[in-house]
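Working through the structure, step by step
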Amino acid sequence: MSSTLADNLNLDTRRRFLGMSAAFFSAIGAAMMVIPIFQYLWPRQESAGEGGARSMKFPAGEVPIGDAKFIRFLNKPAVVIRPNEQELVALSVVCTHLGCVVKWDEKSNELRCPCHGARFDTSGTVLGGPAPAPLPSFSARIEDEYIIIEEV
Amino acid sequence: MELETLELGPLKIRNKLAIRLFSAVDDRLGVKEILQDEMFEKIVPAHLTFWACFGGISFFIFICQIVTGALLMIYYEPSIMKAHSSVARIMNDVPFGWLIRGVHAWGSNLMIITILIHMTKIFVTGIYKAPRELNWVVGVTLFLLTLGMSFTGYLLPWTQLAYWATVVGTETPAAMPVVGEHLRYFLRGGEDIGQITLTRFFAIHVMILPLILASIVGLHLVQIRRQGISGPM
């Protein structure tokens, strides 16, 4: 059976083809707009924060005995505490409950979360409040009057 | 009742989900009727020429300005210490920042040009005459608001050009008798141009004028639809 001219000029099929083509090229056009906008909005590396190093070193004099120093380590806030002559601890200060930054309370020798009242001792162990886990700790040591903190 | 195909003007929708979603909205709001009457079967008068497009072109640029402006606000910092460096950062560091700001800056110039062409066309062909006088008034208001957008936006990069243009621009109304000096004081937010000026120009540019402008654009379009396109000359 030979196809007639009318079959070859099937308008419905043509319209469908044109419609699909229009949709396809519109999708490419939309992608060409959306992708640059997405790249524009995506945060740059520079704004990710300081303190990405895997270890850090600073003079021991910056943390007197019985005191604490807040630092930025592994891109997160952390603290170095010297509760007494012998001890030296480095802890993450991101509360394990909902991520607030815990504060150092000198009088009670505890770390307290201002958001929901979680309490931690100087080794990061939970003393009370809603925190489900202890604060992660880092290795800390004194070498030639310098405090060195490293990821465990 | 399930439709096999949904015909919307030139569109034939066969996708079941799309038909059901559309019908769900249509059953409640009668959208199909509005789309048919106002979009797909709306007859454009044969006498319209290319010159009738400039209102629509201005509207299109206005939409572009809103989109690019919102994107620029992501990185722009409206403080005299950081305004210039944040704009430099948009231009040099942020991917496609140059493009977004370029479209915004060029768009602002283009919008003034297309509005002027639009107004000239309306004026020369006498379309502003009865019953469309009110829409001419609304249109002129839109033009003045657009100039306000240009004026307030020009200060934001906090360059020498921007600063001194604003000095001159706020000095000009001060020449008016009686109210002039007060107007200058009000525009600048003080005797000199400083942080307060930048902050208030920023607020006017990104919030106050766009809201007013967008609502009056709506009024402009409603009037056009209500009165229809004017007849041939």
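Quick caveat: nothing in here was measured; it's all calculated off a predicted structure.

**Comments concerning the overall build of chain A**
Along its length, chain A carries two helices and ten strands. For chain A, the N- to C-terminal ordering of α and β elements is α-α-β-β-β-β-β-β-β-β-β-β. Taking all 152 residues of chain A together, 26% fall into the buried category. In chain A, the share of contacts with a sequence separation of at least 24, taken over all contacts with a separation of at least 6, comes to 39%. Element-wise, carbon and sulfur atoms account for 58% of the exposed surface of chain A, whose accessible area totals about 10100 Å².

**So, the overall build of chain B**
On a plain count of helices and strands, chain B comes out with nine helices and two strands. Starting at the N terminus, the α and β elements of chain B follow one another as β-β-α-α-α-α-α-α-α-α-α. At 23 Å, chain B has a C-alpha radius of gyration far larger than the 17 Å of a compact globule built from 233 residues. Principal-axis analysis of the C-alpha atoms gives chain B an extent of 70 × 45 × 30 Å. The buried share among the 233 residues of chain B stands at 32%. For chain B, restricting intrachain contacts to residue pairs at least 6 apart in sequence, the fraction spanning at least 24 positions comes to 64%. Within the structure as shown, chain B displays about 14600 Å² of accessible surface, and the carbon and sulfur contribution to it stands at 71%. Taken as two groups, the 18 positive and 16 negative side-chain charges of chain B have centres that lie 3 Å from each other.

**Details of the packing of aromatic side chains**
Aromatic ring pairs are described here by two measures, namely the spacing of the ring centres and the angle between the planes. Residue and element names in this part refer to chain B. Considering all chains together, one arrives at 14 aromatic pairs over all chains under this definition. With a centroid separation of 5.6 Å and 85° between ring planes, the pair formed by Trp 158 and Tyr 163 is classed as edge-to-face. Residue Trp 158 is classed as buried on the basis of its relative accessible area, which comes to 18%. Geometry around Phe 186 places Arg 200 over its ring, the cationic atom sitting 5.6 Å from the centre.

**So, the domain arrangement of chain A**
Domain annotation for chain A reports domain 1 (5-41) and domain 2 (55-150). Using C-alpha coordinates to define each centre, domain 1 of chain A is positioned 59 Å away from domain 2 of chain A.

**Comments concerning unusual backbone geometry**
The amide bond that connects Ala130(B) to the next residue, Pro131(B), takes the cis arrangement and shows omega of 5°. On the secondary structure map, Pro131(B) appears in the loop between helix H5 (97-124) and helix H6 (133-155). Although it is not a glycine, Glu145(A) sits at a positive phi angle of roughly 65°. Of note, Glu145(A) is situated in the loop between strand E9 (137-143) and strand E10 (146-150).

**Observations concerning the interface of chain B and chain A**
At the interface, 15 residues of chain B touch eleven residues of chain A. Buried surface at the junction of chain B and chain A, both sides included, amounts to about 1200 Å², of which 58% is carbon and sulfur. Residue assignment for the side of chain B that touches chain A shows that the elements contributing at least two residues are helix H3 (54-75), helix H4 (83-92) and H5 of chain B. Ranked by the residues each element gives to the side of chain B that touches chain A, the list is headed by H3(B), at four residues.

**Considering the sheet that holds strand E7 (residues 119-120) of chain A**
All names here are of chain A. Ordered in space as E5-E6-E7-E8, the four strands form an open sheet in which the pairing is antiparallel. Each edge of the open sheet is held by one strand with a lone partner, namely strand E5 (103-105) and strand E8 (126-128). Bridge count between E7 and E8: two bridges; the pairing is antiparallel. The residue bridging Phe 120 from the neighbouring strand is Val 126, located in E8.

**As for helix H8 (residues 180-188) of chain B**
Residues and elements named next belong to chain B. Buried within H8 we find Gly 180, Arg 184 and Arg 188. On an axial view of H8, the arc spanned by its buried residues comes to 65°, and they lie on one face. Away from its buried face by more than 90 degrees, H8 exposes His 182 and Phe 186. Just downstream of H8 lies Gly 189, where phi reads positive at about 70°.

Definitions and cut-offs
For every chain, the first residue of the written sequence is number 1, and numbering continues from 1 onward in sequence order. Ligands are numbered from 1 and chains lettered from A, in the order in which they are written. Local features are withheld for residues below a pLDDT of 70 in this predicted model, meaning they are given only at 70 or higher, and side-chain atom pairs are given and counted only at 80 or more; totals for whole chains, interfaces and linings count all residues. Remark: hydrogens and water are excluded; side-chain values derive from all non-hydrogen atoms of the structure. What counts as a helix is a DSSP run of H or I of at least four residues, what counts as a strand is a run of E of at least two, and both are numbered from the N terminus. Under the scheme applied here, a residue whose accessible area is under 20% of the maximum for its type counts as buried, over 50% as exposed, and between as partly exposed, the area being computed with a 1.4 Å probe on protein chains only. For this analysis, residues touch if any pair of their heavy atoms sits within 4.5 Å. In short, Shrake-Rupley with a 1.4 Å probe defines the accessible areas, and a residue's cover is counted only from the protein chains shown. Here the globule rule reads 2.2 Å times residues to the power 0.38, and the radius of gyration is calculated from C-alpha atoms. A positive count includes Lys and Arg, and a negative count includes Asp and Glu. His and the chain ends are not counted in either. Charge positions are represented by NZ for Lys, CZ for Arg, CG for Asp and CD for Glu. Each pair of aromatic rings taken from Phe, Tyr and Trp, with Trp reduced to its six-membered ring, is defined by centres within 6.5 Å and is described as stacked if the planes are under 30 degrees apart, edge-to-face if over 60, and tilted in the remaining cases. Two thresholds decide whether a charge sits over a ring: the Lys NZ or Arg CZ must be within 6 Å of the ring centre and within 35 degrees of the ring normal. Annotation comment: domain bounds sourced from an automatic or database domain assignment. Here the quantity called buried area is the accessible surface, traced with a 1.4 Å probe, that two parts lose on coming together, added over both. For two strands to pair, DSSP has to find at least two bridges joining them. Of all possible arcs, the one meant is that of the directions from the helix axis to the C-beta atoms.

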